[in-house]
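Observations on the three-dimensional arrangement
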There are 2 protein chains.
Amino acid sequence: MIRTDSNLDLVLERVVDVPCELVWEAWTKPEHIKEWFTPAPWKTVDCEIDLRPGGAFKTVMQSPEGQRFPNEGCFLEIVPNSKLVWTSSLLANYRPANLTAKPGHECEELAMTAIILLEPHGKKTKYTAIALHGDSETRKRHADMGFKDGWGKALDQLVEHMKTLR
Amino acid sequence: MIRTDSNLDLVLERVVDVPCELVWEAWTKPEHIKEWFTPAPWKTVDCEIDLRPGGAFKTVMQSPEGQRFPNEGCFLEIVPNSKLVWTSSLLANYRPANLTAKPGHECEELAMTAIILLEPHGKKTKYTAIALHGDSETRKRHADMGFKDGWGKALDQLVEHMKTLR
């Protein structure tokens, strides 16, 4: 059980129509991440994954106008098909990140730890995505940036993409 | 091997006259931390250790005037008698920390990941403490706060304290 704090955290919970193994693949292979991670019309044009505690999780998002926004995070916990934890507060090998505070920017970087939990639900997956923040202001900024819609739409894209592989 | 960056990191390397097992004990048990962690005349008056990846590392330092400064960090990697990694960029269970920027304050909190490496050196220990920072300004602030003297003096206290237990 992960304890969350409704003043600090955001949670998206859904049952999705692909098994845990495919959701795990989608989250841990760059070729899949590029297909679903960013809600259209934005794109993820590059991705690097070093799947170990302390390993880098790098993505480059591209706006519809073609501007690129690189992001780097650090993986913390990896339990195949079950639990993935990464944070934007650290870079590769646990180096503290320098998050540029750009409130209101369309691709603002914010300090967040993401916990993705997968549980079998018949042949489907109970999918829980938790975003932990350090203060209620950051939680609010993330909510205002469209956490629920954005992560929900990305999840739709994940399911659609992984179904094409079956 | 840990790759460090001389523009971003600070390193203290020494051979100390206690075996790895005792240095490990000193770093991982609150009753020992209180005896050595803070260079005198400052004291560590409270300590909590939840020794697992994601577990809290809490200390309360006290100034000679009696003012208390609580700190919370998060353990990341634990390899008994060999490697301990924790960061001030995260709190318990990987929640991003809100480090208050108080440059010049006598007990400034700064974003840092600490890596403690222990290697047997006969009956002694080759002790390496690495502080990773996110930018060269933070590295400089940490150096100016007395990293080398402070961590060195604390290490002297560690050795002295652990020798009393033999």
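Heads up: the structure comes first, above all this text.
Residues numbered from 1 in each chain as written. Chains lettered and ligands numbered in written order. Predicted model: local features only at pLDDT ≥ 70, side-chain atom pairs only at ≥ 80, totals over all residues.

**Observations regarding the interface of chain A and chain B**
To keep things clear, this is the line we draw: Note on contacts: residues are paired as contacts if their backbone-placed C-beta atoms lie within 7 Å. Each helix is a run of DSSP H or I of at least 4 residues and each strand a run of E of at least 2, with the numbering of both proceeding from the N terminus. Residues are grouped as follows: Ala, Val, Leu, Ile, Met, Phe, Trp, Tyr, Cys and Pro are nonpolar; Asp, Glu, Lys and Arg are charged; every other residue, Gly included, is polar.
In this complex, chain A contributes 19 residues to the contact, which on the side of chain B involves 19 residues. For the side of chain A that touches chain B, the secondary-structure elements that each account for two or more residues are strand 4 (68-79) and strand 5 (83-87) of chain A. Considering only residue class, the side of chain A that touches chain B consists of ten nonpolar, six polar and three charged.

**Quick word on the nonpolar core**
Going by this rule: Think of a nonpolar core as buried Ala, Val, Leu, Ile, Met, Phe, Trp, Tyr and Cys residues, each tied to the set through C-beta atoms within 7 Å. Counting other C-beta atoms within 10 Å of each residue's C-beta, where C-beta atoms are placed from the backbone, gives the exposure class: buried for 20 or more, exposed for 12 or fewer, partly exposed between.
Within the largest apolar cluster, 67 residues are counted, with the highest numbers of intra-cluster contacts made by V23, C74 and W86 of chain A together with V23, C74 and W86 of chain B. Not counting chain neighbours up to four residues away, the residues in contact with V23 of chain A comprise V16, V18, L118, T125, Y127 and L158 of chain A.

**Digging into the sheet that holds strand 5 (residues 83-87) of chain B**
Residues and elements named next belong to chain B. Formally: Whether two strands pair depends on DSSP finding at least two bridges between them. For helices, the fitted line uses only the C-alpha atoms of the stretch in contact; every axis is such a line through C-alpha atoms, and the angle between N-to-C directions lies from 0 to 180 degrees.
Here we have seven strands laid out as an open sheet, ordered 1-7-6-5-4-3-2, and antiparallel in their pairing. Lying at the two open borders of the sheet, with one neighbouring strand each, are strand 1 (9-16) and strand 2 (43-49). Across the sheet, the mean angle from the axis of one strand to that of its neighbour is 20 degrees, orientation sign disregarded. Sheet analysis places strand 5 next to strand 6 (residues 113-121), joined by five bridges and oriented antiparallel. The residue of strand 6 that forms the bridge with L84 is I116. The strands touched by helix 1 (residues 20-28) within the sheet are strand 1, strand 2, strand 5, strand 6 and strand 7 (124-132), with strand 6 carrying the most contacts at an inclination of about 155 degrees.

**Quick notes on unusual backbone geometry**
Residue and element names in this part refer to chain A. Geometrically, the link from A40 to P41 is a cis peptide bond, its omega value of 10 degrees lying close to zero. Within the secondary structure, P41 is located in the loop between helix 2 (30-36) and strand 2 (43-49). With a phi angle near 65 degrees, N81 is a residue other than glycine that sits in the positive phi range. Among the structural elements, N81 can be located in the loop between strand 4 and strand 5.

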